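Here's the letter readout for the chains.
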Amino acid sequence: MWQLFLNGIEQIDKAISANVSNQLDRQNNTFSVTMKNTHETYHFLEANISIDGVDAASGIVTGQSFKESGSKRTQVEVTDHYYILQRRCVAERYENMTVSDILIAALTKYAPEF
């Protein structure tokens with residue numbers, strides 16, 4: 001069974017379907033979820049799909065659209081966390097450090113949400 005979480009809150013009985021797209025190379029992985037009876041906007045919130053309790057896809061809501069077809073439906077577009085890193089600029093000088101220590105220091109300072 002799959003579950004949708006938005007900002008850590010399970011969207012019980014709202015998610016109808018999901019579509020995940022995994023990309024190769026430097027492209028962002030994306031997924032979209034169709035939801036029913038939703039009136040809120042979720043832009044830039046954390047979204048996560050889990051299957052049988054195991055994370056299958058996660059990211060940031062980057063788009064949302066509404067449709068009325070008998071009932072109100074919402075299409076939520078989510079882009080993986082690489083989206084955040086693509087918009088960060090690090091201007092630091094690191095010396096006498098291993099690559100792993102540099103990555104840990106940079107992510108801790110510039111992307112603490114990871």
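Residues numbered from 1 in each chain as written. Predicted model: local features only at pLDDT ≥ 70, side-chain atom pairs only at ≥ 80, totals over all residues. Heavy atoms only, no water.

Caption draft 1: Here's a closer look at the overall build of the chain. Within the chain, the regular secondary structure consists of two helices and seven strands. Counting from the amino terminus, the chain carries its helices and strands in the arrangement β-β-β-β-β-β-β-α-α. The C-alpha atoms of the chain give 17 Å as radius of gyration, which overshoots the globular expectation for 114 residues (13 Å, by more than 25%). Dimensions of the chain, computed from C-alpha atoms along their principal axes, come out at roughly 65 × 25 × 25 Å. Relative to its full complement of 114 residues, the chain shows a buried share of 28%. Taking as baseline every contact in the chain between residues at least 6 positions apart, the subset at least 24 positions apart corresponds to 44%. (Helix = DSSP H or I, 4+ residues; strand = E, 2+ residues; numbered from the N terminus. Rg over C-alpha atoms; globule rule 2.2 N^0.38 Å. Buried < 20%, exposed > 50% of the residue type's maximum accessible area, 1.4 Å probe, protein only. Contact = heavy atoms within 4.5 Å.)

Caption draft 2: Geometry of the sheet that holds strand β6 (residues 54-69). Reading across the sheet, the seven strands line up as β2-β1-β5-β6-β7-β4-β3 and stay open at both edges, with antiparallel pairing between neighbours. The outermost strands of the open sheet, each flanked by one partner alone, are β2 (9-10) and β3 (15-21). When strand β4 (residues 30-36) meets strand β7 (residues 71-79), the two strands line up antiparallel, connected through seven bridges. Bridging from a neighbouring strand, V33 pairs with V76 of β7. (Pairing = 2+ DSSP bridges.)

Caption draft 3: Examining the nonpolar core more closely. One finds L4, L6, F31, V33, M35, Y42, A47, I49, A57, V61, V76 and V78 forming the largest nonpolar core, which totals 12 residues. At the level of secondary structure, the elements contributing two or more residues to this core comprise β1 (2-6), β4, β5 (46-51), β6 and β7. The element that contributes the greatest number of residues to this core is β4, accounting for three residues. Discounting chain neighbours no more than four positions away, the residues touching V33 are L4, A15, S17, A18, I49, T74, Q75 and V76. (Core = buried A, V, L, I, M, F, W, Y, C linked by side-chain atoms within 4.5 Å.)

Caption draft 4: Seen up close, the pattern of salt bridges. All told, the structure shown has three salt bridges when counted by the stated rule. With a closest N to O distance of 2.8 Å, E95 and R93 form a salt bridge. You can call R93 exposed: its relative accessible area is 70%. (Salt bridge = Lys/Arg side-chain N within 4 Å of Asp/Glu carboxyl O.)

Caption draft 5: Inspection of unusual backbone geometry at higher detail. Despite not being glycine, D52 shows a phi value in the positive range, around 50 degrees. Mapped onto the elements, D52 comes out in the loop between β5 and β6. In this structure, N96 is a non-glycine residue whose phi angle is positive, near 55 degrees. Examined against the element boundaries, N96 turns out to sit in the loop between α1 (82-85) and α2 (99-110). N96 gets classed as exposed once you look at its relative accessible area, which sits at 84%.

No statement about biological role is implied by the geometric values presented.
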